[in-house]
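Structural description and commentary
Residues per chain are reported as follows:
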Amino acid sequence: MAAATSLLSEDQFLCPICLDVFTDPVSAPCGHNFCKNCITEHWNIAVQCQCPVCKTLFYTKPELQVNIFISEMVDRFRQSAQQRASSSRSEQQAAKPGEVPCDVCTGTKLQAVKSCLVCLVCYCEIHLEPHLTASGLKRHALIDPVENLEGRMCMKHDKLLELFCKDDQTCVCMLCTILDHKAHEVVPLKEEYEEKKAELEKTETEIQQMIQKRRLKIQEIKQSVKLSKENADKEIAEDVQAFTKLKESVEKYQARVITMIEEKQKRTEKQAEGFIKELEQEISELKKRSSELEKLSHSEDHFNLLQSFLSLNAAPPTKDWTDVKVCLPSYDGTVKTVVAQLVKRLKKMFTYGELMWVKQYAVDVTLDPDTAHPKLILSDDGKQVHHDDAEKNLPDKPERFSRGLCVLGKQIVSSGKIYFEVQVKEKMRWDLGVARESINRKGLFRISCKNGYWTVSLRIEKYFAFAETPVRLSLKSKPQKVGVFVDYDEGLVSFYDVNASALIYSYTGCSFNEKLLPFFCPGLNQGGNNSTPLIISPVHHTE
């Protein structure tokens, strides 16, 4: 019997009316089985007495007796089900924090595996079994376990939110469609779910494509960095090789020059040694004659003195040393000149490299018309400015210059580095650089770094930097285009002659304690002689 019971499913022991396991099972004359209480109440309510399953009509209400055999089978099935449930419960784990617990479990709550949208109950694997086997419960909608199933009920009508209003983009119940959303487009939740799911899948596909594009861009950037690193390493290697060769050449040339100088010195020393040797020989001869003369002068032999007088009285033959000189070697300074020229070329090369480096921090500077003096004319693109005698009627804004013929750029510098270039060609007077945001814009002011201006200026063909005291600048050529570089964090402002690749001037060790702005002053037009505008030029990274 136990073996037979184990082969039967719970579906065979369910009452067709209550869909639960039989309680006091009885059999109708047609052979179908029901709970005694279920069939009795059904026949008490029904107009005709018939089988709820096969619809067999009974003209008289049958007398129902409990089917002992089925009742015993149900009892055995319940025991077996309880044993299986107990065994399954012992294998299953209790719901952990954050997991949805089963609503049916008593005592230790097991983890729910499904939620029923009809019963509004969460079921563990054990208590879910009737929904998987019973024909009536199979029709219930099951979803992955969720908490707060009551939230899926319409708070107004206490009905399941099983529809979706497209007009209001909200979930509604059946009564809502009749009352509050009568004229709205309403669809089943599943239909809207499929549509939204399709949209989400499309969005997900687009996001994945965006992710892929960005990954490819990362690879591209990494490849660019790799190529840049390879180029940098190659350039460094070539530079090291070039400088090594230059160093070797210089050292070789230096050794050659030193050898040449030393050889000249040796020849000079050899010539001097020859002269000295010859002079010392003559001195020796003269000393010998002097000794003979001294000896003869003390002689009392009259005959001997007279006989020797003619041969000893004359000085011995010697060389006339009056015009004899040691020829000093000529060091005409050629080497120094060559080295000076080399240093000059190297300095220019280094300045060119420095200029190329600062150009990477180029920014697109434009003039701020709200700061321009009323007598300044700005181009529509904000790239040019010059002075005009006619004063425009402009609102006197706080940021506008009212005395100085100046204008500021829009770009604020509060950290990092910036670089921009300005064409000053054919101008007789100008001021150019950066200034503090808080500079005096209404009264008279003096341009100097102490007052918040870091500039270079042209005054009647003379160039100045207005540091603590004005510095007259000696430039080898007249700049046509001036580059302005600011390193805010390092306190540095440098100016370059772009065409000559030469440094004009640098303010170093500056203390910037507020924002800086590009500063421009085109100067008076001087009757048209200085009417050429200052022009903010695009930065080209190769000249």
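Residues numbered from 1 in each chain as written. Predicted model: local features only at pLDDT ≥ 70, side-chain atom pairs only at ≥ 80, totals over all residues. Heavy atoms only, no water.

Turning next to the pairing of strand β21 (residues 534–537). Burial along β21 is two-sided: the residues Leu-534 and Ile-536 and Ile-535 and Ser-537 are all buried. The sheet contact formed by strand β10 (residues 384–387) and β21 spans two bridges and is antiparallel. Paired with Val-385 across the two strands is Leu-534, which belongs to β21. Summarising the sheet, strand β12 (residues 417–423) and β21 pair through three bridges and their orientation is antiparallel. Across the sheet, the residue bridging to Val-422 is Ile-536, located in β21. (Buried < 20%, exposed > 50% of the residue type's maximum accessible area, 1.4 Å probe, protein only. Helix = DSSP H or I, 4+ residues; strand = E, 2+ residues; numbered from the N terminus. Pairing = 2+ DSSP bridges.)

Let us look at the side chain of Lys-166. Checked against the element boundaries, Lys-166 lands in the loop between β6 (163–165) and β7 (170–172). Overall, Lys-166 belongs to the buried group, its relative accessible area being 18%. In contact with Lys-166, not counting residues within four places along its chain, are Glu-185, Val-187, Glu-192 and Glu-195. (Contact = heavy atoms within 4.5 Å.)

Now for a nonpolar patch on the surface. On the surface, Leu-175, Ile-178 and Leu-179 cluster together into a nonpolar patch covering about 270 Å² of accessible area. Structurally, Leu-175 is set in helix α6 (residues 174–178). (Patch = residues over 30% accessible without salt bridge, like charges linked within 9 Å, V, L, I, M, F, W, Y side chains within 5 Å. Areas by Shrake-Rupley, 256 points an atom, 1.4 Å probe, with all protein chains shown as cover. Salt bridge = Lys/Arg side-chain N within 4 Å of Asp/Glu carboxyl O.)

The subject of this paragraph is the sheet that holds strand β16 (residues 470–473). Pairing is antiparallel across the open sheet formed by six strands, whose spatial order is β11-β20-β13-β14-β15-β16. Edge positions in the open sheet fall to β11 (407–408) and β16, since each of these has one partner strand only. As paired strands, strand β14 (residues 453–459) and strand β15 (residues 462–466) are joined by four bridges and run antiparallel to one another. Counterpart to Val-456 in the pairing with β15 is Ala-465.

The next thing to look at is unusual backbone geometry. The phi dihedral of Gln-169 is positive, around 50°, even though this residue is not glycine. A positive phi angle, near 50°, is found at Ile-460, a position not held by glycine. Along the chain, Ile-460 falls in the loop between β14 and β15. Under the relative-accessibility criterion, Ile-460 is labelled exposed at 76%.

Enumeration over the complete set of coordinates arrives at one cavity of 30 Å³ or more. Within this model, the largest cavity holds a volume of roughly 30 Å³. Taken together, Trp-430, Val-456, Ser-457, Tyr-463, Leu-473, Leu-475, Pro-479 and Ile-504 make up the full set of residues lining the largest cavity. For the lining of the largest cavity, the per-class residue count stands at seven nonpolar, one polar and no charged. (1 Å grid on protein atoms, 1.4 Å probe; cavity = no way out; pocket = protein on both sides within 12 Å on 5 of 7 lines; lining within 4 Å. Points joined across faces, edges and corners; volume = space filled by probe spheres on them. Nonpolar A, V, L, I, M, F, W, Y, C, P; charged D, E, K, R; others polar.)

Next up on the list: the pattern of salt bridges. Pairing is possible between side chains that carry opposite charge, provided their charged atoms lie close to one another. Under the definition given, this model contains 13 salt bridges. Between Asp-233 and Lys-229 there is a salt bridge, with its nearest N and O atoms 2.8 Å apart. Taken as a pair, Asp-233 and Lys-229 lie in helix α7 (residues 189–297) at a separation of four residues, close to a single helical turn. Look at the salt bridges and you will find they share partners, linking Lys-166, Glu-192, Glu-195 and Lys-196 into a network.

By themselves, these are just geometric observations and shouldn't be taken as functional.
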